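# Coordinates in review
Below are the chains, spelled out letter by letter.
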Amino acid sequence: MAVTKEVLGTTPSGETVTLYKLRNKNGLTATVSDFGAVWTGLLAPDRNGNFADVVLGYDTAEGIFRNDGEMGAIVGRNANRIKNAEFTLNGKTYRLAKNNGENNLHSGPDKLSKRLYAAEARTVQGADELHLTLHSPDGDQGYPGSLEIGIIYTLTDENDFMIEYKLTAGMEDTLANFTCHPYFNLAGHDSGNALGQIVRIEADRFCEAAKDVCPTGRLLRVDNTPFDFRTPKALSRDINVDTAQLHYCGGYDHNFCLRKPEGKMELAASAYDEASGRYMEIFTSLPGLQLYTGNFLNPEVEAKGGAHYHPRDGYAFEAQYYPNAINEPEWDQPVIRAGETKYMLTTYKFSVK
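The present account deals with the structure reproduced in this document. All of these numbers come straight from a predicted model, not from anything done at the bench.

The rules we used
- Residues numbered from 1 in each chain as written.
- Predicted model: local features only at pLDDT ≥ 70, side-chain atom pairs only at ≥ 80, totals over all residues.
- Heavy atoms only, no water.
- Salt bridge = Lys/Arg side-chain N within 4 Å of Asp/Glu carboxyl O.
- Buried < 20%, exposed > 50% of the residue type's maximum accessible area, 1.4 Å probe, protein only.
- Disulfide = S-S within 2.5 Å.
- Pairing = 2+ DSSP bridges.
- Helix = DSSP H or I, 4+ residues; strand = E, 2+ residues; numbered from the N terminus.
- Phe/Tyr/Trp six-rings, centres within 6.5 Å; stacked < 30°, edge-to-face > 60°.
- Lys NZ or Arg CZ within 6 Å of the ring centre and 35° of its normal.

## A short note on the pattern of salt bridges
In the structure shown here, the tally under the stated rule is 21 salt bridges. In this structure, Glu 120 engages Arg 122 in a salt bridge whose closest nitrogen and oxygen atoms are separated by 3.1 Å. For Arg 122, a relative accessible area of 34% puts it in the partly exposed group.

Here is the structure:
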C-alpha cells in the first residue's frame, strides 16, 4: 500500500499540519502527523473483524498543536524527568527549565512536539514507511551540542508498527533519551475507562518515585507489590491499593526495569482487551518502560471525533532509558558521543486472541 496524506490545517504560527496514513494488506491503519511527529491513531480489528481506533489523540491541527498529555508525541531530547532540572556531563553542569515543580519534565516547555518535522513517505518491500527528520541546534532546550533527529514509522503486513530512532550527535557529547508517548485503549479510544484491560510487564524491578514523582534512585523489587505484572492482570486489580507509591502518582506512573540488556530487542509488555480480543505486544531495544495510567487526563479538552477523555480512559507505554538516568551513573546512560549515531527501536505488534 502507498502512504497517503491530507492537510489538516495550520498551527497558530501558520505552519501547515499534514497527516500521513500508513495501511497494510490486513486493513490495519496508522496515522502520523509531521507536526510533532505525533502518532495520532491506529485502526485495528477485533476478533470479529470490526475495526476501532485504539490510540487516544487528536484529529485537528489545533488539537495536535495543543496536544494535552503529549498524546502520541515524540518526546526528546530527554523524556520523563530530570531531578532538580540539571545534570552534569563531562564535568560541566547544565541547567534546564523547571516545568514540573523543581524538576524538568519531557525537556521543558520548548517541546519537540511543537516542532514541524520534514517528512518523506516511502513504501519498501510492501511496508509503508514515514521518515521524519529534525535538526536540534547546539543549546536547544538547554542541552549541549547539536543533534540530528530521524524518526522512522513503519507498518508491516505482520501488523507490526515500528518506531525507529536514528540520532546523530554533532561536535559535542550530548544527552538523548527519546520516547514515543502513545495512550492506548484496546476497546477503542472513545470507549471509556481502560483499567479492565489485562497487562503484563517483563520486569522484576521498578524505579521508586518520590513525592514529586521523580525517581529516588532506588530500584525496588516488584514482588508482593501492586507493581508485579509478571503474571498478566487487569490494571484495575491493584491500582487503588493504599500505598505511598500509587498515592504519589495518582495511580501508575512508574518506570519498569526490563529483564534484558540495553540494545537487545525483546518483549517488554503486552496488553489484552478480553471483550474485543485485541492483543498488543511491545518489543523494544531500550532498557525501561514507563506505565502511565492516564491519571490526569482532562475531560474538558475535546479530542478526535468529539471524544472527551477522562482519567484512566487510556494508558501509556513509553519505552525509554530510566528517568533521571543521567544523574544515576550506575544506570544505562542516554549519552551520545560527538559524531556518534545511535539507533533505538520500539515495535507495537497487534493481533487478536
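## Side note on the state of the cysteines
Under the definition given, this model contains zero disulfides. With no disulfide of its own, Cys 249 has Cys 214 as its nearest cysteine by sulfur position, at a separation of 11 Å.

## A word on the sheet that holds strand 21 (residues 233–234)
Read across the sheet, nine strands follow the order 11-12-13-14-28-24-23-18-21 without closing on themselves; strand pairing throughout is antiparallel. Two strands in the sheet have a free side with no partner beyond their single neighbour: strand 11 (118–124) and strand 21. Where strand 23 (residues 266–272) lies against strand 24 (residues 278–284), six bridges are found, and the strand directions are antiparallel. Its bridge partner being in strand 24, Ala 271 is matched across the sheet by Met 280.

## Side note on the pairing of strand 3 (residues 29–33)
Of all five residues in strand 3, five are buried; the element is thus mostly enclosed. Because side chains alternate across strand 3, one face comprises the buried residues Thr 29, Thr 31 and Ser 33, and the other comprises Ala 30 and Val 32, equally buried. Bridge count between strand 2 (residues 16–23) and strand 3: five bridges; the pairing is antiparallel. Paired with Lys 21 across the strands is Thr 31, a residue of strand 3. As paired elements, strand 3 and strand 4 (residues 39–45) share four bridges and run antiparallel to each other. Opposite Thr 31, over in strand 4, you have Gly 41 as the bridge partner. Between strand 3 and strand 4, which pair antiparallel one after the other, the connecting turn spans five residues, and Gly 36 there sits at a positive phi close to 80 degrees.

## A word on the packing of aromatic side chains
All told, the structure shown has 19 aromatic pairs when counted by the stated rule. Within the aromatic cluster, the residues linked to one another by ring pairs are Trp 39, Tyr 153, Phe 161, Phe 184 and Tyr 348. Across the ring face of Phe 65, the terminal group of Lys 114 is positioned such that the distance to the ring centre comes to 5.8 Å. Seen from the ring of Tyr 279, Lys 353 lies directly overhead, with NZ or CZ sitting 4.5 Å from the centre.

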